[in-house]
Amino acid sequence: ACCGAERPALSPIANDKVGAPEVRRWAHGSAKRFFFEGPERERLEGVSYSRCAKGDDNVFYTASEMVLDHAGGNATAKHMLVHFHRLPILYFPFVSFPISDERKTGFLFPTIGFGDQWGVNFHLPFYWNIAPQRDATFDTHYMAARGVRFGAEYRYIGETAKGAFSGVARGEWLPDDKVRNKTRYGWSFTHEQRVNEHWDGDIDVGYVSDRDYLQDLGDGLEISSASHIPQELRIGYRADSAGINARLQQYQIIDPEVSEHNEPYARLPGIDAEWDTPIRNRWFRFNVESSVNRFDHPVAARTQGTRFHLEPYGEMSFERTYGYLRPRVTAHYTQYELDRVGSSSDSRLIPMLHIDSRLFLDRELSYGDGEYEQGLDAKVYYAYIPFEDQQALPNFDSGEVGFDNISNYYHRGRFYGDDRIGDTHRVTLGLETRVVEAATGYQRLHAELAQMIFFNDRRVRLGRNDLPLTQRYSNLLSEMTMGLNQNWSASAFAVWDWDQRAVSDFRLGVDYAKGARWQLSTGYRYKTDDGHDELSLDSTWPLGRRWQVGLRNISRLDDKQNQYSSVSLGYDDCCWAIQVNIEDEWTDDDGPQVMFTLRLKGLGSISSGEIARMYAATALTD
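These lines cover the structure that appears in this document, whether it is placed above or below.

Quick look at the overall build of the protein chain
- A tally of regular secondary structure across the protein chain gives two helices and 37 strands.
- Counting every position in the protein chain, which comprises 622 residues, the buried fraction comes to 39%.
- Sequence-distant contacts, at least 24 apart, represent 48% of the contacts inside the protein chain between residues at least 6 apart.
- Element-wise, carbon and sulfur atoms account for 56% of the exposed surface of the protein chain, whose accessible area totals about 33,700 Å².

In structure tokens:
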């Protein structure tokens with residue numbers, strides 16, 4: 001039995017969209033004989049049915065007999081054939097499918113593919129409609145080169161009198177991988193729960209049998225990162241002026257480049273709390289942030305222990321229509337209890353001063369026949385953090401902030417995390433302008449630049465042997481975006497290095513967009529640190545009403561070497577689509593890869609790509 005083409009959503013199923021512009025779609029069919037077998041039941045013989053536009057029946061179905069049960073919301077058919085351009089390509093001796101918005105238990109249409117790693121592969125999913133807010137899908141995936149992998153997914157959503165909840169559980173099992181000669185498996189589980197207006201929580205856990213699992217077998221587990229798998233449990237409480245989150249957090253590292261010694265620490269447990277005190281008014285507020293974390297590591301030689309962090313701060317805010325001034329004073333206290341011989345306790349208290357200020361200037365402009373409004377913002381950000389030697393303290397989660405974008409120039413410190421507090425005495429000067437059409441609000445121009453000036457050497461570093469930073473001036477960052485018209489825009493980003501007295505990073509881009517089918521993006525980049533200048537092109541362009549071509553290329557101009565190239569050609573009819581994609585990556589020694597996808601809309605897909613399901617999803621829009 002077959003219940004439909006793809007696994008339905010837990011919410012009501014939406015109608016298919018028209019594949020090609022200006023092409024209408026409606027279902028139509030015929031039968032040689034028609035029998036009324038009750039007030040809500042009909043039986044048809046010699047049936048022919050199509051969802052294509054009338055007169056363009058490139059995909060249609062025939063059946064020797066079909067019974068329509070309107071009371072039950074389903075239909076059955078015997079000896080059903082799927083025809084593509086009058087060529088029968090699929091046969092089902094018996095089919096059952098819904099004729100209403102209700103979901104139905106049964107087999108989904110299969111996916112057929114071929115690839116170097118998998119060989120001939122065949123997906124046959126089975127869908128189980130458990131309840132309106134619960135369902136499950138069981139997948140049998142035959143891979144000629146590897147074996148048979150079994151998968152399952154269970155989904156649920158719901159709501160109680162106190163709050164809503166939802167979750168997904170997935171699992172995969174390959175009993176005998178012929179390539180790796182071992183059993184392989186993976187699973188993941190996510191759950192979100194709101195208990196009431198104050199309490200909530202979530203779970204995000206997963207596991208795979210080996211580090212090469214996702215690379216070899218794809219990501220049917222829908223894990224968000226290809227380098228690590230999160231394993232986290234969080235419980236949170238929020239009141240009017242306070243909030244607390246307790247979590248257990250660790251990771252399974254699957255990046256082969258990361259050794260066990262360099263794996264991140266696990267927080268078992270970690271507690272974060274924030275208290276926004278009622279001692280406040282419209283110009284002053286006092287806030288307290290704190291955390292307690294227990295850091296564990298699989299390598300016994302790595303420092304382990306507990307860190308207590310307390311950070312109270314007071315902030316004043318003087319605001320006017322033409323700008324604001326916001327000084328903040330912070331006390332950053334950290335206490336460590338470390339698992340060393342005889343145990344040890346270390347602490348640190350560092351004061352901080354930050355002043356954020358901005359001046360707003362506006363004026364009206366007339367250019368040609370247009371009326372515009374220009375805004376000019378002058379920014380001054382001051383930060384002072386005194387030096388304190390922190391080399392004796394462990395580093396559980398701190399890293400350096402990358403000052404390669406303008407927003408980070410207004411970051412309060414040089415490190416993220418609580419183990420390193422970077423000494424600094426600096427001021428950031430910034431200027432930002434916008435030009436907007438007065439009548440439409442369309443932004444014609446946005447430009448910004450920022451410069452940091454240091455008044456001291458920065459001695460706190462991550463590494464013990466890292467030298468102090470002595471530069472008095474940061475790089476000068478600038479960026480600009482121009483809206484040439486409703487379709488065309490241009491952008492530029494430049495970094496001026498005062499030590500080299502030259503531009504160290506430059507990016508230029510031109511973009512065109514007109515609906516979903518007309519997309520063009522070109523870019524040029526040059527960086528002095530690697531000495532390469534790079535040209536990129538990414539576009540999708542219609543060749544008529546139904547044909548679509550896609551081009552993507554990344555190449556280095558200095559040594560005339562292509563980094564990545566791909567070209568795709570697709571045809572999108574009202575009820576079917578076809579796409580051929582050829583891609584080549586310079587790091588891949590296997591040469592170009594050709595992927596072919598045929599999608600029968602409302603049914604399934606037939607693909608020659610190893611990642612057939614992904615390409616089916618990204619084929620021409622239906």
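Now that the structure has been shown, we can carry on.
Description of the pairing of strand 29 (residues 488-497)
- Relative to strand 29, strand 28 (residues 476-483) runs antiparallel, the two sharing eight bridges. Counted as the bridge partner of Ser-478 is Ala-494 from strand 29.
- Linking two consecutive strands that pair antiparallel, namely strand 28 and strand 29, is a turn of four residues.
- Pairing geometry for strand 29 and strand 30 (residues 502-514), over ten bridges, is antiparallel. The residue bridging Ala-494 from the neighbouring strand is Phe-506, located in strand 30.
- In textbook terms, the turn of a hairpin is the stretch between consecutive antiparallel strands, and for strand 29 and strand 30 this stretch comprises four residues, one of which, Arg-501, has a positive phi near 50°.

A short note on the packing of aromatic side chains
- According to the stated counting rule, one finds 26 aromatic pairs in the structure shown.
- When the centroid spacing of 4.7 Å and the interplanar angle of 50° are considered together, the rings of Trp-488 and Tyr-512 count as tilted. One end of the pair, Trp-488, is in strand 29; the other, Tyr-512, is in strand 30, and 24 residues separate them in sequence.
- By relative accessible area, which is 32% here, Trp-488 ends up partly exposed.

Observations regarding the sheet that holds strand 4 (residues 59-69)
- Pairing is antiparallel across the open sheet formed by five strands, whose spatial order is 2-3-4-5-6. Taken across any chain shown, the strands that pair with only one partner, and hence form the sheet edges, are strand 2 (28-38) and strand 6 (87-98). Each adjacent strand pair in this sheet contributes to an overall mean axis angle of 10°, direction not counted.
- As defined by bridge partners, strand 2 adjoins strand 3 (residues 41-50) across nine bridges and the pair is classed as antiparallel. Directly across from Gly-38, in strand 3, lies its bridge partner Arg-41.

As for the side chain of Glu-153
- Positionally, Glu-153 belongs in strand 11 (residues 147-159).
- Classification of Glu-153 by relative accessible area gives buried; the value is 10%.
- Of note is the side chain of Glu-153, whose polar atom sits 2.6 Å from the side chain of Arg-170.

Some points on the nonpolar core
- By size, the foremost hydrophobic cluster in this structure holds 23 residues, and its most contacted members are Val-59, Val-82, Trp-576 and Leu-600.
- Contributions of two or more residues to this core are made by strand 3, strand 4, strand 5 (74-84), strand 6 and strand 36 (593-600).
- Beyond its immediate sequence surroundings of up to four residues, Leu-600 is in contact with Val-59, Val-82, Phe-84, Ile-89, Cys-575 and Trp-576.

What about a nonpolar patch on the surface?
- Where nonpolar side chains cluster on the molecular surface, the patch consists of Leu-537, Leu-551, Val-567, Val-580, Ile-582, Val-594 and Phe-596 and spans about 480 Å² of accessible area.
- Counting residues per element, the ones that place at least two in the nonpolar patch are strand 35 (576-585) and strand 36.
- In this fold, Leu-551 is placed in strand 33 (residues 547-556).

Comments concerning the side chain of Arg-170
- Of note, Arg-170 is situated in strand 12 (residues 164-177).
- Taking relative accessible area as the criterion, Arg-170 reaches 14% and is therefore assigned buried.
- Residues in contact with Arg-170, not counting those within four places in the same chain, are Ala-152, Glu-153, Gly-186, Trp-187, Ser-188, Gly-220, Leu-221 and Glu-222.

Details of the pattern of salt bridges
- Inspection of the entire model under this criterion finds 41 salt bridges.
- Notably, a salt bridge pairs Arg-146 with Asp-177, separated by 2.7 Å at the nearest N-O pair. Linking Arg-146 in the loop between strand 10 (134-143) and strand 11 with Asp-177 in strand 12, this pair joins segments that are 31 residues apart in sequence.
- The exposure class of Arg-146 is buried, given its relative accessible area of 3%.
- If you follow the salt bridges from partner to partner, you end up with Arg-146, Asp-177, Arg-180, Lys-182, Arg-184, Asp-210, Asp-212 and Asp-216 in one network.

Considerations on the pairing of strand 27 (residues 443-454)
- Judged from the eleven bridges that link them, strand 26 (residues 424-437) and strand 27 form a sheet pairing that is antiparallel. If you follow Arg-426 over to strand 27, its bridge partner there is Phe-454.
- Connecting the antiparallel pair strand 26 and strand 27 is a turn made up of five residues, with Gly-441 showing a positive phi of about 80°.
- Across six bridges, the pairing between strand 27 and strand 28 is antiparallel. The residue bridging Leu-445 from the neighbouring strand is Met-482, located in strand 28.

What counts and how
- All chains use their own residue numbering, which begins from 1 and follows the written sequence.
- A pLDDT threshold of at least 70 governs which residues receive local features in this predicted model, and a stricter bar of 80 or more applies before side-chain atom pairs are shown or counted, although totals over entire chains, interfaces and linings include all residues.
- The side-chain values count all of the structure's non-hydrogen atoms but skip hydrogen atoms and water molecules.
- Counting from the N terminus, the helices are the DSSP runs of H or I reaching at least four residues and the strands are the DSSP runs of E reaching at least two.
- Residue burial is assigned from relative accessible area. The probe radius is 1.4 Å, only protein chains are included, and a residue is buried under 20% of its type maximum, exposed over 50%, and partly exposed in between.
- Only heavy atoms enter the contact rule, under which two residues are in contact if any of them lie within 4.5 Å.
- The Shrake-Rupley method, run with a 1.4 Å probe sphere, supplies the accessible areas, and residue values consider only the shown protein chains as cover.
- At least two bridges found by DSSP between two strands are what make those strands a pair.
- Two rings from Phe, Tyr or Trp (for Trp, the six-membered ring) form a pair when their centres are within 6.5 Å of each other. A pair whose planes differ by under 30 degrees is stacked, one over 60 is edge-to-face, and the rest are tilted.
- Where helices are involved, their axes are fitted lines through C-alpha atoms of the stretch in contact, as for all axes, and angles between N-to-C directions lie from 0 to 180°.
- Pairs of N or O atoms within 3.5 Å make up the polar contacts considered here, provided that, within protein, one atom can donate a hydrogen while the other can accept it, and that residues adjacent in sequence are counted only when both atoms are side-chain atoms.
- Note on terminology: a nonpolar core comprises buried Ala, Val, Leu, Ile, Met, Phe, Trp, Tyr and Cys residues joined through side-chain atoms within 4.5 Å.
- Patch definition: residues with relative accessible area over 30% and no salt bridge; like charges joined within 9 Å; nonpolar side chains (Val, Leu, Ile, Met, Phe, Trp, Tyr) joined within 5 Å.
- Just to be clear on terms, a salt bridge is a Lys or Arg side-chain nitrogen sitting within 4 Å of an Asp or Glu carboxyl oxygen.

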